[in-house]
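Chain by chain, the residues run as shown.
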Amino acid sequence: MRHSLARIGRGAVSGGALGLVLPALLLALWEALSRFGVAPPNLLPAPSSVLRALRDLWLGGELWGHIEITLLRVLLGFLLGTAVATVLGALTGSSALWRRLLDPTLQALRSIPSIAWVPIFILWLGIFEASKVTLIAVGAFFPVYLQTMAGIQQVDRKLVEVARMHGYGGVALVRRVLLPATLPAYITGLRGGLGLAWMFVVAAELMGASEGLGFLLLDGQQTGRPANILAAILLFAIFGKATDLALALLGRRFTAWQDNFQHAEENKGHAADQARLQEV
Amino acid sequence: MLQIRRVSKKFEAMAALAEIDLAVDRGEIVGIVGTSGCGKSTLLRIVGGLEQPSSGSVVLDGVAVAGPRPEVGLVFQEPRLMPWLSVRENVEFALAQRPRDQRRPLAEAALARVGLGAFAAALPQQLSGGMAQRAAIARALVARPQVLLLDEPFSALDAFTRFSLQDHLLEIWRAERPTMLFVTHDIEEALVLSDRVVVMRAKPGRIHAQYRIDLPRPRRRTEARLQAWKERILEDLDLAVKGAGAEPEFAI
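From a predicted model like this one, the values you see are computed outputs, not experimental measurements.

Novice: Where do I start with the overall build of chain A in this structure?
Specialist: Along its length, chain A carries 11 helices and 0 strands. Taking as baseline every contact in chain A between residues at least 6 positions apart, the subset at least 24 positions apart corresponds to 71%.

So, in structure tokens, the structure goes:
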């Protein structure tokens, strides 16, 4: 047991560190190419100048405003899309009638590239926040909708039967069985939805915004400051990863029982050993 | 007393069960054997209230069974534990009608009875197949049902685990005396456990013969009289294939 724990520990550390080797090498190579003038700095500024641009933006006092408005758009769009997707997914997942009624239409809408909605959203909702948030909501909608529907449909009918056998129905059945059984799929959907929300906020902000990280990208291009573009990209990466991680950790809290397969197998062996010892 | 009165069940046009009549005394153990497709599981599900008969009725102490009810517990072929609940919480799952503060001690006592006291906090995925099935038995018994139904409860387990769980079930029965109606395709299992073995045949599902097994417990699996019964029941089931129809001597 101690031996295998040590093996897992070592695996985790070297696995994490191993993943950092390639980016570190690439960064060093990139910095070297820029320093020695191989890469033209007006196209590919060195990592150090990207960090400097980031610092200048921060010291200029405008950076936090850009971050804030982008985060707010992502959050609002994500919440809106998720809310609608959860309700519709729950309906289509739990009732064949609703599924036959709604799902074909939603699947048809899904096949429209979501960016194609931009002109009509701007026409309907104006060029300000409403059209942006709506676009992000559309992006976040589909993964959440699909996973909610699939998650509910895939709930083990046998577990539902156990619940019926013990007198559960209605709200109690949903709360004690359907909800926990659907949660893993739902969290997968939420993470997918959040990823698309980040994608769509860039699209929305590129289409016309006077602030936000997407605006920084566009501004960097129009004013010929590639370091600013890369700085904005870096910020997208950081915040995208951070929010996904937050969601993943929150999900883990609720689905810890799923854990990973290897862990479960080892425990199974361990528990069976204990059982044998007890029986002896 | 549990009475199954002229119960028939049709799926579409197919008759799964035809006019089953069976009365089970309080505290009696009845084992139902039969080849697959003879409707024995369907019969059990009807008694459990999970399915409605097409005609006829199931009556428990004078009250018709219309759906699942706390007096009747059911153990399925698979443990069917909620993977997100600990073993103890899975047992407490059957106690929703009890006051909150009673659930935990009752669940722990039930787990102790099936020898899983040390695993109350474990998750189902950490248990072996036999342990998980014992947890399922604890869940079915924790609310002290008057009738315990078991649908091929040990068929997914290896022979050694199966024997030990059979013994275990008898210990529980000695302590609590629930009426037990179980379905199996293991004739020996039926003979070792039951006061009465009911042989069912298919197309349509019906009771072909019943044998009262008046041997004292514990019974040895190798006992000569059990083997004689086993041969007779095998004949019963083989006759179904050959299509000949002789009346079994021991039929009640």
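Novice: It is not clear to me how the domain arrangement of chain A should be interpreted in this structure. Could you clarify?
Specialist: Many descriptions give the size of an interface as the accessible area lost when the pieces come together. Residues and elements named next belong to chain A. Taken domain by domain, chain A comprises domain 1 (1-39) and domain 2 (46-266). One C-alpha centre belongs to domain 1, the other to domain 2; they are set 29 Å apart. Counting residues at the interface gives 6 residues for domain 1 and 4 residues for domain 2. A per-class count over the side of domain 1 that touches domain 2 returns 2 nonpolar, 2 polar and 2 charged.

Novice: Any chance you could explain the sheet that holds strand 1 (residues 2-11) of chain B here in plain terms?
Specialist: Hydrogen bonds along the backbone pair up the strands of a sheet, which may run parallel or antiparallel. Residues and elements named next belong to chain B. An order of 2-1-4-5 is seen for the 4 strands of this open sheet, with the pairing classed as antiparallel. Two strands lie at the open edges of the sheet, namely strand 2 (14-24) and strand 5 (63-64), each paired on one side alone. Inspection of the sheet shows strand 4 (residues 55-60) paired to strand 5 by 2 bridges, in the antiparallel sense. In the strand pairing of strand 5, leucine 60 is matched with valine 63. Contacts from helix 1 (residues 40-48) reach strand 1, strand 2 and strand 4, with the element oriented near 120° to strand 1.

Novice: Teacher, can you tell me more about the interface of chain B and chain A here?
Specialist: Counting residues at the interface gives 24 residues for chain B and 20 residues for chain A. Classifying every residue of the side of chain B that touches chain A gives 17 nonpolar, 5 polar and 2 charged.

Novice: Which parts of the structure should I look at to understand the confidence of the model for chain A?
Specialist: Low-pLDDT stretches of the model should not have their predicted coordinates read in fine detail. Residues and elements named next belong to chain A. Per-chain confidence: chain A averages 84 in pLDDT, with 86% of residues scoring 70 or above. The spread of mean pLDDT over the elements of chain A runs between helix 11 (residues 261-279), the lowest at 48, and helix 3 (residues 63-94), the highest at 94. In this model residues 275-280 is a low-confidence stretch, pLDDT under 50, and it forms 3 contacts with partners more than four residues away in sequence or in other chains.

Novice: For this particular structure, what's the right way to read the packing of helix 6 (residues 129-153) of chain A against helix 8 (residues 170-206) of chain A?
Specialist: Two quantities define a packed helix pair, namely the angle between the axes and the distance from one axis to the other. Residues and elements named next belong to chain A. Where helix 6 meets helix 8, the closest approach of the two axes is 7 Å, and the angle between their N-to-C directions is 155°. If you check the angle between helix 6 and helix 8, you find them roughly antiparallel. The two elements helix 6 and helix 8 cross, and the hand of that crossing is right-handed. Class assignment of the residues belonging to the contact of helix 6 with helix 8 gives a composition of 20 nonpolar, 9 polar and 1 charged.

Novice: How should the nonpolar core be read in this particular structure?
Specialist: Within soluble globular proteins, side chains that are nonpolar generally end up buried alongside one another. Val91, Ala135 and Ala138 of chain B are the most contacted members of the largest nonpolar core, which totals 84 residues. With 8 residues, the top contributor of residues to this core is helix 4 (residues 129-141) of chain B. Look past the residues within four positions of alanine 138 of chain B in its chain and what remains in contact with it is Val91, Ala110, Leu111, Arg113, Val114 and Leu116 of chain B. Listed in part, the 29 residues of the second largest apolar core include Val74, Ile136, Phe200 and Ala204 of chain A.

Novice: Looking at this structure, how should I read the confidence of the model for chain B?
Specialist: Residue and element names in this part refer to chain B. Averaged over chain B, the pLDDT score is 86; the fraction of residues at 70 or greater is 94%. Confidence over residues 243-252 falls short of pLDDT 50; this stretch has 12 contacts with residues more than four positions distant or in other chains. Taken over the whole predicted complex, pTM reads 0.76, whereas the ipTM for its chain interfaces reads 0.83.

Novice: Can you help me understand the sheet that holds strand 8 (residues 179-184) of chain B in this one?
Specialist: Residue and element names in this part refer to chain B. Strands sit in the order 6-7-8-3-9-10 across an open sheet of 6 strands; the sheet is mixed. Strands with a single pairing partner mark the edges of an open sheet, and in this sheet they are strand 6 (72-75) and strand 10 (206-212). The sheet shows a mean angle of 20° between the axes of neighbouring strands, direction not considered.

Novice: How should I be thinking about the packing of helix 7 (residues 157-165) of chain A against helix 8 of chain A in this particular structure?
Specialist: Residue and element names in this part refer to chain A. Remark: helix 7 packs on helix 8, axes separated minimally by 10 Å, with the N-to-C direction vectors making an angle of 165°. By the angle between their directions, the pair helix 7 and helix 8 is classed as roughly antiparallel. Here helix 7 and helix 8 pass one another in a crossing that is right-handed. Residues Leu159, Val160 and Ala163 of helix 7 lie in contact with helix 8, whose contacting residues are Leu173, Arg176, Val177 and Ala181. Taken together, the residues of the contact of helix 7 with helix 8 sort by class into 6 nonpolar, no polar and 1 charged.

Novice: Sorry if this is basic, but what is going on with helix 4 of chain B here?
Specialist: Helical geometry: 3.6 residues make up each α-helical turn, so side chains three or four residues apart lie on a common side. All names here are of chain B. Counted at 1.5 Å a residue, the expected span for helix 4 with its 13 residues is 18 Å, and the 18 Å between its end C-alpha atoms agrees. Counting buried residues in helix 4 gives 12 out of 13 residues, a clear majority hidden from the surface. All buried positions along helix 4 are accounted for by Gly130, Met131, Ala132, Gln133, Arg134, Ala135, Ala136, Ile137, Ala138, Arg139, Ala140 and Leu141.

Novice: What is the right way to read the pairing of strand 8 of chain B from this model?
Specialist: Regular strands show a simple pattern: their side chains alternate between the two faces of the sheet. Residue and element names in this part refer to chain B. Across the 6 residues of strand 8, 6 count as buried, placing the element largely inside the fold. Burial along strand 8 is two-sided: the face carrying Thr179, Leu181 and Val183 and the face carrying Met180, Phe182 and Thr184 are both buried. One ladder, built from 5 bridges, connects strand 3 (residues 29-34) with strand 8; its direction is parallel. The residue of strand 8 that forms the bridge with isoleucine 32 is valine 183. The parallel pair strand 7 (residues 147-151) and strand 8, bridged by helix 5 (residues 159-176), forms a crossover whose chirality is right-handed.

Novice: Quick question: what am I supposed to make of the environment of tyrosine 145 of chain A here?
Specialist: All names here are of chain A. For tyrosine 145, the location among the structural elements is in helix 6. Its 28 C-beta neighbours within 10 Å are what place tyrosine 145 among the buried residues. It is 9.9 Å that separates the C-alpha atoms of tyrosine 145 and aspartate 103, two residues lying 42 residues apart in sequence. Ignoring any residue separated from it by four or fewer positions in sequence, one finds tyrosine 145 in contact with Ala85, Leu88, Gly89 and Leu106.

Novice: When you look at helix 7 of chain A in this model, what are you seeing that I'm missing?
Specialist: Buried within helix 7 of chain A are the following residues: Val162, Ala163 and Met165 of chain A. The buried side chains of helix 7 of chain A occupy one side of the element, clustering within an arc of 160° when seen end-on. If you follow the buried residues of helix 7 of chain A, they end up packed against helix 8 of chain A together with helix 1 and strand 6 of chain B. The first or second residue beyond helix 7 of chain A is glycine 167 of chain A, which carries a positive phi of 85°.

Novice: How should I be thinking about unusual backbone geometry in this particular structure?
Specialist: Backbone phi values are negative for most residues with the exception of glycine, while trans is the configuration of most peptide bonds. All names here are of chain B. A cis amide bond links lysine 203 with the next residue in sequence, proline 204, at an omega value of -10°. Relative to the assigned elements, proline 204 resides in the loop between strand 9 (196-201) and strand 10. Looking along the chain, the bond that leaves arginine 217 and enters proline 218 is cis, with omega of 0°. With respect to the secondary-structure elements, proline 218 resides in the loop between strand 10 and helix 7 (224-242). At glutamate 19, a residue that is not glycine, the phi angle is positive and equals roughly 45°. Along the chain, glutamate 19 turns up in strand 2.

About the thresholds
Residues numbered from 1 in each chain as written. Chains lettered and ligands numbered in written order. Predicted model: local features only at pLDDT ≥ 70, side-chain atom pairs only at ≥ 80, totals over all residues. Helix = DSSP H or I, 4+ residues; strand = E, 2+ residues; numbered from the N terminus. Contact = placed C-beta atoms within 7 Å. Domains from an automatic or database assignment. Nonpolar A, V, L, I, M, F, W, Y, C, P; charged D, E, K, R; others polar. Pairing = 2+ DSSP bridges. Axes fitted to C-alpha atoms, helices over the stretch in contact; angles between N-to-C directions. pLDDT = per-residue confidence, 0-100. Parallel < 35°, antiparallel > 145°, perpendicular 65-115°, else oblique. Left-handed = near helix turned anticlockwise from the far one by under 90°. Core = buried A, V, L, I, M, F, W, Y, C linked by C-beta atoms within 7 Å. Buried ≥ 20, exposed ≤ 12 C-beta atoms within 10 Å, placed from the backbone. Expected span 1.5 Å × (residues − 1). Right-handed = clockwise from strand over helix to strand, strands pointing away. Arc of directions from axis to C-beta.

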